[in-house]
Amino acid sequence: MPWGASGPPTYRRAYEPPPPARRLRLGLPRRVFSQVLLMQVAIAAGVTVLATGLFLAPLSKQLDQEAMRRALAIAETTAQDPQIAEGVLTTPPTSDGPVQKEAERIRKATHAEYIVVLDRHWLRWSSGHSEPTTDLICGVLHRADQPLSAHEVAARTGLSRSTAQRYLRHLEQAGRLRLYLKYGDTGRPEHRYAWVAP
């Protein structure tokens, strides 16, 4: 091309398409060595989890058996206590009676969660009830304008339903609450509790 007045000739570049997009792989390593290493790590982790499970299964059973032996020892000791035996035969079940006091002493000494004492008529005497929790439940029922279920008491006090049920049964047996049964269409009746005025 001849030189023109404007300077050296200009050449146009032919259209060049952009480089092809790289296909993304699903996070898998490209090299065989990396793939083998990843597989070995996965197998080692699986074997570790399996071995841990196989080791802990018998240990869990052993711990359960030990807890049962400890509970049985506490029960036998409590049953042989002469103060409890005499108290069950001679006093009514009250929260501040001699049986309750002795059961509470044993519970604290053994660090048990609770102690249950039954008389010959299967009437339950129990220990493991705290006064603040008892007062909290009594306050809720005292202020209620109708009998409440364990679920309602639990919701109003922030306690679990099972704890509320245990305290409600204890207070009802002690004569501080009255139990009402509410029958529905099917199933067992709902237990509802009301405050008994002193």
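As a starting point, this report considers the structure included with it.

## Quick word on the overall build of the chain
Next up, step 1: Looking only at helices and strands, the chain features 6 helices and 5 strands.
Next up, step 2: Going from N to C terminus, the chain has its helices and strands arranged as α-α-α-β-β-α-β-α-α-β-β.
Next up, step 3: A buried classification covers 24% of the 198 residues belonging to the chain.
Next up, step 4: A sequence separation of at least 24 residues applies to 45% of the contacts in the chain between residues at least 6 apart.
Next up, step 5: With the model as given, the accessible surface of the chain reaches about 15600 Å², and the carbon-plus-sulfur share is 59%.

## Quick notes on helix α5 (residues 150-157)
Next up, step 1: When we look at burial in α5, the residues that qualify are Ala150, Val153, Ala154 and Thr157. Mapping the buried residues of α5 onto a view down its axis gives an arc of 100°, with all of them on the same face. Exposed positions of α5 whose direction lies more than 90 degrees from the buried face are His151, Ala155 and Arg156.
Next up, step 2: Just beyond α5, the residue with positive phi is Gly158, at close to 85°.

## A short note on helix α6 (residues 161-173)
Next up, step 1: For α6, with 13 residues, the first-to-last C-alpha span of 18 Å sits near the 18 Å given by 1.5 Å per residue.
Next up, step 2: If you check which residues of α6 are buried, you get Ala164, Tyr167, Leu168, His170 and Leu171. Angularly, the buried residues of α6 cover 165° about the axis, an arc narrow enough to put them on a single face.
Next up, step 3: Gly175 occupies a position one or two residues after α6 and carries a positive phi of about 85°.

Cut-off values and rules
Residues numbered from 1 in each chain as written. Predicted model: local features only at pLDDT ≥ 70, side-chain atom pairs only at ≥ 80, totals over all residues. Heavy atoms only, no water. Helix = DSSP H or I, 4+ residues; strand = E, 2+ residues; numbered from the N terminus. Buried < 20%, exposed > 50% of the residue type's maximum accessible area, 1.4 Å probe, protein only. Contact = heavy atoms within 4.5 Å. Areas by Shrake-Rupley, 256 points an atom, 1.4 Å probe, with all protein chains shown as cover. Arc of directions from axis to C-beta. Expected span 1.5 Å × (residues − 1).

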